[in-house]
Amino acid sequence: LNLENKMKRKSAFPWTEDGNDGETGITKREYFAGLAMQGMISCKEFSDEINIAVLSVRYADALIAELEKNHA
């Protein structure tokens, strides 16, 4: 996986159970998309559910890409 895909798959709130190294929970991409969706749903200008979902993921991807630029 390239770095961008790894960031999209990395847990937003990682935790382990019984000492296992595996991460579980929602990904950063899912978390950021949910936050973007929450903001759009609260705005009356956004009314199409499909567009809200698509835009939410695009905003999440853009944020991840921008964050990766600053960590490179």
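Residues numbered from 1 in each chain as written. Predicted model: local features only at pLDDT ≥ 70, side-chain atom pairs only at ≥ 80, totals over all residues. Heavy atoms only, no water.

### Some remarks on the overall build of the protein
A count of helical and extended segments in the protein gives three helices and zero strands. In the protein, the order of α-helices and β-strands from amino to carboxyl end is α-α-α. Out of the 72 residues belonging to the protein, those deemed buried represent 19%. Considering only contacts in the protein between residues 6 or more positions apart, those separated by 24 or more positions represent 26%. Here the protein has roughly 5,600 Å² of accessible surface; of this, 54% comes from carbon and sulfur atoms. (Helix = DSSP H or I, 4+ residues; strand = E, 2+ residues; numbered from the N terminus. Buried < 20%, exposed > 50% of the residue type's maximum accessible area, 1.4 Å probe, protein only. Contact = heavy atoms within 4.5 Å. Areas by Shrake-Rupley, 256 points an atom, 1.4 Å probe, with all protein chains shown as cover.)

### What about helix α2 (residues 28–41)?
The periodicity of an α-helix, 3.6 residues per turn, causes residues three or four places apart in sequence to face the same way. Between the first and last C-alpha of α2 there are 20 Å, a value that for 14 residues agrees with the 20 Å anticipated at 1.5 Å per step. Among all positions of α2, only Phe32, Ala33, Ala36 and Met40 are buried. The buried residues of α2 all sit within an arc of 100 degrees when viewed along its axis, so they share a single face. Relative to its buried face, α2 has exposed residues pointing more than 90 degrees away, namely Gln38 and Ile41. (Expected span 1.5 Å × (residues − 1). Arc of directions from axis to C-beta.)

### Concerning the confidence of the model for the protein
Parts of the prediction with low pLDDT should not have their coordinates interpreted in detail. Residues with a pLDDT of 70 or more make up 72% of the protein, whose mean pLDDT is 81. Element-level pLDDT for the protein is lowest in helix α1 (residues 3–9), with a mean of 58, against a maximum mean of 93 in α2. (pLDDT = per-residue confidence, 0-100.)

### A short note on the pattern of salt bridges
Inspection of the entire model under this criterion finds two salt bridges. One salt bridge connects arginine 29 with aspartate 61, and the closest N-O pair in it is separated by 2.7 Å. Of this pair, arginine 29 sits in helix α2 while aspartate 61 sits in helix α3 (residues 49–71), and the two are 32 residues apart along the sequence. Residue aspartate 61 is classed as buried on the basis of its relative accessible area, which comes to 17%. (Salt bridge = Lys/Arg side-chain N within 4 Å of Asp/Glu carboxyl O.)

### Let's talk about the environment of phenylalanine 46
Along the polypeptide, phenylalanine 46 turns up in the loop between α2 and α3. Assessed through its relative accessible area of 31%, phenylalanine 46 is described here as partly exposed. Ignoring any residue separated from it by four or fewer positions in sequence, one finds phenylalanine 46 in contact with Met40, Ile52 and Leu55.

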